[in-house]
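For reference, the chains in residue letters:
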Amino acid sequence: MLKLEAVRTRYGPIEALRGIDLTISKGEIVSLIGSNGAGKSTCLMTISGVLKPSSGRIELHGEDIAVLPPHRIVERGVSQAPEGRRIFPRLTVKENLEMGAFPGRGSFPEQIENVFRLFPILKERSRQYGGTLSGGEQQMLAIGRALMARPEILLLDEPSLGLAPIMVSRIFRTIEEINREGMTVLLVEQNARAALRLSHRGYVLESGAITLQGSSEALLGNEKVKQAYLGE
């Protein structure tokens, strides 16, 4: 479904992604784990078209989307909930969700009801300004806004960052639920243990290069992963 081939991305003279290969099949949850500065967010931003690769291909259903602007990539079915949520604080919850629906993929009333089904608290807060929500509610809104575009693949960047454990569990249960309903997910997450338990497969990114990949079960049992990312 989504395939990265020898993708390199630069910030001026600094090469943040160093020829990475990554494949995601339809219906999978795939985790991308690594330390701060490893290039995880850069990878998602490159897939989304916010950053342009200096070389390599990014294929969605065989089409090279690396040449497209970000809004065209969203129209093709790739949607991202970015690190730090980046909701519109001076817009209401409903207005934030309306912003996510700009590609016009499907029925707006149907989509917003689906988001409210996944996150009932957002329906209660629909007229409230985004900036007045709690951190967990803002994360729900960021994911809901991404879902409003009716994506085929959802990119999630650090959805648990800064949240209380009970809210992290709720967010992860929702990710699992939307995956059961058919959504393909690429998950970037500092909480490597939780991410691998949730996902089907995973990749380890170190200094811009993929150093390990495999089933989540295999990575959870890998001694290097245990020592570096699981605190064992």
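Higher on the page you've got the structure.
Residues numbered from 1 in each chain as written. Predicted model: local features only at pLDDT ≥ 70, side-chain atom pairs only at ≥ 80, totals over all residues. Heavy atoms only, no water.

A closer look at helix α1 (residues 40–48)
Logical step 1: Within α1, 8 of the 9 residues are buried, which leaves the element mostly enclosed by the surrounding structure.
Logical step 2: Of the residues making up α1, those classed as buried are K40, T42, C43, L44, M45, T46, I47 and S48.
Logical step 3: Backbone geometry just downstream of α1 places G49 in the positive-phi region, at approximately 90 degrees. (Buried < 20%, exposed > 50% of the residue type's maximum accessible area, 1.4 Å probe, protein only. Helix = DSSP H or I, 4+ residues; strand = E, 2+ residues; numbered from the N terminus.)

Some details on the sheet that holds strand β8 (residues 184–188)
Logical step 1: Taken in spatial order, the 6 strands line up as β6-β7-β8-β3-β9-β10 in an open sheet, and their pairing is mixed. The open sheet has two edge strands, β6 (78–81) and β10 (209–215), and neither has a second partner. The mean angle between the axes of side-by-side strands here comes to 20 degrees, regardless of whether they run parallel or antiparallel.
Logical step 2: Pairing between strand β7 (residues 153–157) and β8: 5 bridges, direction parallel. (Pairing = 2+ DSSP bridges. Axes fitted to C-alpha atoms, helices over the stretch in contact; angles between N-to-C directions.)

Considering unusual backbone geometry
Trans is the common state for peptide bonds, and a negative phi is the common state for residues other than glycine.
Logical step 1: For R150, which is not glycine, the phi dihedral falls at a positive 50 degrees.
Logical step 2: Its location among the elements puts R150 in the loop between α6 (135–147) and β7.
Logical step 3: Relative accessible area serves as the criterion here: at 34%, R150 is assigned to the partly exposed category.
Logical step 4: Even without a glycine there, the phi angle at S207 is positive, about 50 degrees.
Logical step 5: Turning to its location among the elements, S207 is positioned in the loop between β9 (201–206) and β10.

Concerning the sheet that holds strand β4 (residues 55–60)
Logical step 1: Strand order in this open sheet of 4 strands is β2-β1-β4-β5, and the pairing throughout is antiparallel. Lying at the two open borders of the sheet, with one neighbouring strand each, are β2 (14–24) and β5 (63–64).
Logical step 2: With 5 bridges joining them, strand β1 (residues 2–11) and β4 adopt antiparallel strand pairing. Directly across from E5, in β4, lies its bridge partner R57.
Logical step 3: Across the sheet, α1 lies against β1, β2 and β4, angled at about 110 degrees from β1, the strand it touches most. (Contact = heavy atoms within 4.5 Å.)

Points about the pairing of β4
Logical step 1: Pairing analysis gives 2 bridges linking β4 to β5, with the strands arranged antiparallel. Residue E59 lies in a different strand from β5, and its bridge partner there is D64.
Logical step 2: The turn linking β4 back onto β5 is made up of 2 residues, and H61 within it adopts a positive phi angle of 50 degrees.

Some thoughts on the side chain of E28
Logical step 1: Here E28 shows up in the loop between β2 and β3 (29–33).
Logical step 2: Among the residues examined, E28 registers a relative accessible area of 13% and is labelled buried.
Logical step 3: Polar contacts involving the side chain of E28 include one to the main-chain amide nitrogen of S25, which spans 2.8 Å.
Logical step 4: For E28, the residues in contact, after removing those within four places along its chain, are T23, N179, M183, T184, V185, H200 and R201. (Polar contact = N/O pair within 3.5 Å; in protein donor to acceptor, adjacent residues only side chain to side chain.)

What about the packing of helix α3 (residues 93–100) against helix α4 (residues 108–118)?
Logical step 1: Direction vectors running N to C along α3 and α4 enclose 125 degrees, while the axes themselves pass 11 Å from each other. It follows from the interaxial angle that α3 and α4 lie oblique. In the packing of α3 onto α4, the handedness of the crossing is right-handed. Mapping the contact onto sequence places K94, L97 and E98 in α3 and F108, I112, V115 and F116 in α4.
Logical step 2: A per-class count over the contact of α3 with α4 returns 5 nonpolar, no polar and 2 charged. (Parallel < 35°, antiparallel > 145°, perpendicular 65-115°, else oblique. Left-handed = near helix turned anticlockwise from the far one by under 90°. Nonpolar A, V, L, I, M, F, W, Y, C, P; charged D, E, K, R; others polar.)

None of the figures reported here should be taken as evidence of function without further support.
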